[in-house]
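Read off the chains here:
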Amino acid sequence: MMAPFLKYGVFGSETSLVVAFLLGIGFGFALERAGFGSARKLVSQFYLDDLAVFKVMFTAIVTAMLGVTYLSWIGFLNLSLVYLVPTNLLPQIVGGLVLGAGFVIGGYCPGTALAATATGRVDALTYGAGLYVGTLLFAEAYPLVKGLHTATPMGQTTIPQYFNLPYGLVVFAVVLMALGGFAGAGWVEKKMATQRTIEPTAS
Amino acid sequence: MRELVLTRHNDLIDPLVRVWGWEIPVYLFLGGWVAGMMILVGYFLLRGRNREDTCVCSVLPGTSFVLLSLGMGALFLDLEHKLYVWRLYTTFEVTSPMSWGAWILLLVYPALAAAFALRPPGILRDLFPAVDRLSRRLDTPVGVRGIAAANLVLGIALGIYTGILLSALGARPFWNSAILGPLFLVSGLSSAAAFGHMVARHQEERELLARSDNVFLAIELFVVALFLVGLLSSSQAHVAAARLVLGGPFTAPFWVLVVGAGIVIPLMIQLLAVTHRIAHTPVGPLLVMAGGLALRFVIVAVGQVSHWAKV
Amino acid sequence: MVSNTHVSRAPAPYSNPYLAGIGLGLVLLAAFVFVGRGLGASGGVSAVVASGLHAVAPEHAHRLEWLSGRLAGDASPLKEWLVFEGMGVVLGALLSGLLARRAMVVVEKGPRVSRRARLLMAFFGGSLMAVGAAFAGGCTSGQALTGGALLNLGSWAFMLMVFAGAYAVATFVKWQWR
């Protein structure tokens, strides 16, 4: 086992911030390449005429998942040292619904808003202002919502652990599901007769 | 700021100095930037570019005048005995960088004023006939060459002095490097060229400034490397000082803000711009200038933490 | 190299979504391998809010339970992994946008909505999203993408709910986009 490098002391936590910056450059570059610096492109997912959000996201998930599975299978990556956000099912369901609504209303999610601001989208700037205000409101109102925020704690758990399934089987199922989804996405885009892929804004 | 003696063993500097706030880095940045602009003005004047209406060399002296005054204001705020500033000018101490700096600054203003007077804004000419007369008197081949030489020489002196000011403090191992002077000089030049690139109206000048800024940034990268290698191959205290930005608590600000966002990324953007793969935007220059400011902040902060004790 | 002296004006089309997805997945994988954590964004916002509030009203900031953890140590709350990652995102997106001539000052909106209404909606959506991300402990990057690749149970539940919430509301804000 050699990875995660930070956990095995290859570099310290201060240096990990430099790594964060470099990874961020890659992240931002990929987001912008995909068209996620444009709110019109992002929300088209929810009007079913350009399903790039689904395609990009699931390709990324499958790529990283296969990579993680392979690297831990050959004994390079210690998966138990990769941080897993603890599951709190109820607040995550509520939070997901609220966040989904905010996505189609605001046009971005926090990461894509950064990419959009960097490329000059003014609406991403006011969206970002909203993020700060919302975060501050949540922090101020925390005593009122703490009950919901900490409800149904289940600790760090994965789908294979929770349903007691072999890890490889779940990976295989996700890959199949994604491939099915990609085929379905192509079909839906064709079915939506407009068949418009959202192209970049021209000045 | 109370006086720091230049040698060790002073309760203000061992083990840590924490007496310099934002004023000194801002002053060092503005001073370096102005130094760079004086060198550029000198160069453009020597090339006879001041004949052109759109020459950036008619914008830079006035800007420098304002920026240097802001920097001096910051420096003044930092002084504890504000009323005794004039005493710097009653003496000249060959071994004191403060004394050198005070005198250089005194000469810089007239050099900038003369460069400004070569091409004063039309409104000034109309309002004050004296300005117009002065401008005519200076605008001779000898006059222009003299002003160019003064700006070049004083610019280089000012740029190096901002680094020497720190490196003369032998008590701080991180600053105790002869390379700090050239580093601040080339960083000031890169800020100046970036600013010129941003405000130049003449196509050819803009291209020239962008290309030279890229050269300055590349040199700056090299000088940063030399600076760190120099510290690493010196005494144990110097090695410990270098470690502060090589895994130590200042690693992230140094590599991300100064080197990454302040040198490498704008260099990439401007390389694309000068090869006409992307349009010229103010983004690169703004990053360069922010990086120059970050360099002064990080160097001043790290220096104050680096020490000789306990090694 | 053939030098093309005139920068052509039209923005380049976006990349193939599957290629962009593979690129994104490899960055995510690198994050797992190098630091043992995934990508994120909303945590960076909390860090900035904590540090801003700490600068304005330090005592009040420490009293807020949800933020106080970020103010516990000696170091600034801005010395946070996601803040540095966020700086990288800005510069990476900027590089990509400049290269493809897609970087321009513009408001993204449909034809039927005024700029002002769109900017207000963006603000409102942003604040809603912050609350959702706070409840869920992450956003589309930190939860859906990162947790999705790690087969995190909560992240998958969250991800399905994001799509459900967005599709449920989409009809009501169609005037903004179409």
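Model, not experiment: these values are computed from the prediction.

(A) Broad picture of the interface of chain A and chain B. Across the contact, six residues belong to chain A and twelve residues belong to chain B. For the interface between chain A and chain B, the tally reads zero salt bridges. Applying the counting criterion to the chain A and chain B interface returns two residue pairs in polar contact (both at pLDDT 80 or more). Grouping the constituent residues of the side of chain A that touches chain B by class yields four nonpolar, one polar and one charged.

(B) Quick peek at the interface of chain A and chain C. On the side of chain C, 117 residues touch chain A, which itself brings 125 residues to the contact. Roughly 10700 Å² is buried in total at the junction of chain A and chain C, and carbon and sulfur atoms are behind 76% of that figure. The salt bridge involving Arg121(A) is made with Glu108(C); its shortest N-O contact spans 2.9 Å. Between the two partners, chain A and chain C, sit 40 residue pairs in polar contact (both at pLDDT 80 or more).

(C) Up close: the packing of aromatic side chains. Applying the stated criterion across every chain, the model contains 21 aromatic pairs over all chains. When the ring of Tyr162(A) is compared with that of Phe163(A), the centres are 5.0 Å apart and the planes differ by 90 degrees; the resulting orientation is edge-to-face. Its relative accessible area of 47% is what places Tyr162(A) among the partly exposed residues. Aromatic side chains Phe254(B) and Trp255(B) sit 5.2 Å apart centroid to centroid with 90 degrees between the ring planes, which places their arrangement in the edge-to-face category. Note on Phe254(B): relative accessible area 1%, which makes it buried. Owing to a relative accessible area of 29%, Trp255(B) belongs among the partly exposed residues under this scheme. What links up through ring pairs into an aromatic cluster is the set Phe54(A), Phe58(A), Phe182(A), Tyr18(C) and Trp156(C).

(D) Region of interest: the state of the cysteines. Considering all chains together, one arrives at one disulfide over all chains under this definition. The disulfide bridge from Cys55(B) ends at Cys57(B), spanning 2.1 Å between sulfur atoms. A torsion of 130 degrees about the S-S bond marks the disulfide between Cys55(B) and Cys57(B) as right-handed. Distance from the sulfur of Cys109(A), which forms no disulfide, to the nearest cysteine sulfur (Cys139(C)) is 6.1 Å.

(E) Main features of the confidence of the model for chain A. In this model, chain A carries an average pLDDT of 92, and 97% of its residues clear a pLDDT of 70 or more. Confidence, expressed as mean pLDDT per element, reaches its minimum in chain A at strand β2 (residues 153-155) of chain A with 89 and its maximum at helix α3 (residues 52-73) of chain A with 96.

(F) Seen up close, the domain arrangement of chain C. All names here are of chain C. Taken domain by domain, chain C consists of domain 1 (16-103) and domain 2 (105-178). Just the C-alpha atoms count here: the centres of domain 1 and domain 2 sit 18 Å apart. Taken together, the contacts link nine residues of domain 1 with ten residues of domain 2. Contact with domain 2 buries surface across domain 1, with Leu28, Phe32 and Ser42 losing the most and accounting together for 49% of the total. Summed over the shared surface of domain 1 and domain 2, the result is one residue pair in polar contact (both at pLDDT 80 or more). Element by element, the count of residues in the side of domain 1 that touches domain 2 is highest for helix α1 (residues 17-35), at three residues. When grouped by side-chain class, the residues that make up the side of domain 1 that touches domain 2 number six nonpolar, three polar and no charged.

Reading guide: rules and limits
Residues numbered from 1 in each chain as written. Chains lettered and ligands numbered in written order. Predicted model: local features only at pLDDT ≥ 70, side-chain atom pairs only at ≥ 80, totals over all residues. Heavy atoms only, no water. Contact = heavy atoms within 4.5 Å. Salt bridge = Lys/Arg side-chain N within 4 Å of Asp/Glu carboxyl O. Polar contact = N/O pair within 3.5 Å; in protein donor to acceptor, adjacent residues only side chain to side chain. Nonpolar A, V, L, I, M, F, W, Y, C, P; charged D, E, K, R; others polar. Buried area = accessible area lost by both parts, 1.4 Å probe. Phe/Tyr/Trp six-rings, centres within 6.5 Å; stacked < 30°, edge-to-face > 60°. Buried < 20%, exposed > 50% of the residue type's maximum accessible area, 1.4 Å probe, protein only. Disulfide = S-S within 2.5 Å. pLDDT = per-residue confidence, 0-100. Helix = DSSP H or I, 4+ residues; strand = E, 2+ residues; numbered from the N terminus. Domains from an automatic or database assignment.

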